[in-house]
Amino acid sequence: DKDLPRNEEKRALYEAGKKDLEDLGYFEIGMDHFALPGDALYEAMINKSLHRNFMGYTPGYTKLMIGLGVSSISDSWDLFMQNNKVFEDYVAQIETGRLPILKGHFLTEEEKIIRKHILNIMCHFETDWSQPETRFESFDQGLYRLHELENDGLVEVVGSGLQVTEPGRPFVRNICMAIDPYLWEKQPGMRLFSETV
């Protein structure tokens, strides 16, 4: 473990790889993805139809993703489900005609709104909460946590909208962490900057 790169080294390696890709004509798409002009991901970024799911970025938006195989995750927008993690149990459930589901979670309306804000930030580097139903107390607490990132010039919060700045793009995960109330509920003493950079 001591030989693995740490935060600053990881960032430097990423920036070196990014420069090499950009020199070859690639553009950064969202977080950690690159595409050439004309590629479906690049076009989706330009026309703001880019979507992100458990597998990464995709130009095709769907509210239904079915995970096949051991431990895979399905998403119906209202519900997350994970298949059994143990191969033998997974096969046994299928052989008895049952779906091999280990656990699931129905999303509340608030969770769906937070998810939408996070997807907007991850895919388009912006989000908007001008509609009354897109704001609630735990989201406002997240906006308060964004002050630190705003002071550092990583985001701009103007009126009822947020824009990730160019220097803020490498910190998109941290920005999303700030507005995720369920993350803070589980880890109230968590720092916004850790090994996510």
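Quick caveat: nothing in here was measured; it's all calculated off a predicted structure.

> Which residues make up the packing of helix α4 (residues 109-124) against helix α6 (residues 172-179), and what are the values?
Where α4 contacts α6, the axes come no closer than 10 Å and their chain directions differ by 165°. On the basis of the axis angle, α4 is roughly antiparallel to α6. The chirality of how α4 crosses α6 is right-handed. Facing α4, whose interface residues are Ile114, His117, Ile118, Ile121 and Met122, α6 presents Val172, Ile175, Cys176 and Ile179. Partitioning the contact of α4 with α6 into residue classes produces eight nonpolar, one polar and no charged.

> So what's going on with unusual backbone geometry? Residues and values would help.
The backbone of Asp32 shows a phi angle near 65°, a positive value even though the residue is not glycine. Mapping Asp32 onto the fold places it in the loop between β1 (27-29) and β2 (33-35).

> An account of the side chain of Asp75 is requested, with residue identities and associated values reported.
For Asp75, the location among the structural elements is in strand β5 (residues 73-75). A residue is classified by how much of its surface remains accessible, and Asp75, at 9% relative accessible area, is buried. In this structure Asp75 touches Phe54, Lys63, Leu64, Met65, Phe80 and Arg115, once residues within four positions along its chain are discounted.

> Describe the packing of aromatic side chains, and please don't skip the residues or the numbers.
Tallied over the entire structure, the rule returns four aromatic pairs. Where Tyr14 meets Phe34, the ring centres are 6.2 Å apart and the plane angle is 40°; that geometry is what we call tilted. Note that Tyr14 is positioned in helix α1 (residues 7-23) and Phe34 in strand β2, a separation of 20 residues in sequence. Ring geometry for Tyr61 versus Trp77: centroids 6.4 Å apart, planes at 75°, classification edge-to-face. In this pair, Tyr61 is assigned in the loop between β4 (56-58) and β5 and Trp77 in the loop between β5 and β6 (79-83), connecting sequence segments 16 residues apart. Accessibility expressed as a relative area gives 44% for Tyr61, which makes it partly exposed. Note on Trp77: relative accessible area 10%, which makes it buried. The aromatic ring of Tyr57 is capped on one face by Arg52, whose charged end is 4.7 Å from the ring centroid. The lysine or arginine in question, Arg169, covers the ring of Phe125, its NZ or CZ lying 3.9 Å from the ring centre.

Cut-offs and rules
- Residues numbered from 1 in each chain as written.
- Predicted model: local features only at pLDDT ≥ 70, side-chain atom pairs only at ≥ 80, totals over all residues.
- Heavy atoms only, no water.
- Axes fitted to C-alpha atoms, helices over the stretch in contact; angles between N-to-C directions.
- Helix = DSSP H or I, 4+ residues; strand = E, 2+ residues; numbered from the N terminus.
- Parallel < 35°, antiparallel > 145°, perpendicular 65-115°, else oblique.
- Left-handed = near helix turned anticlockwise from the far one by under 90°.
- Contact = heavy atoms within 4.5 Å.
- Nonpolar A, V, L, I, M, F, W, Y, C, P; charged D, E, K, R; others polar.
- Buried < 20%, exposed > 50% of the residue type's maximum accessible area, 1.4 Å probe, protein only.
- Phe/Tyr/Trp six-rings, centres within 6.5 Å; stacked < 30°, edge-to-face > 60°.
- Lys NZ or Arg CZ within 6 Å of the ring centre and 35° of its normal.

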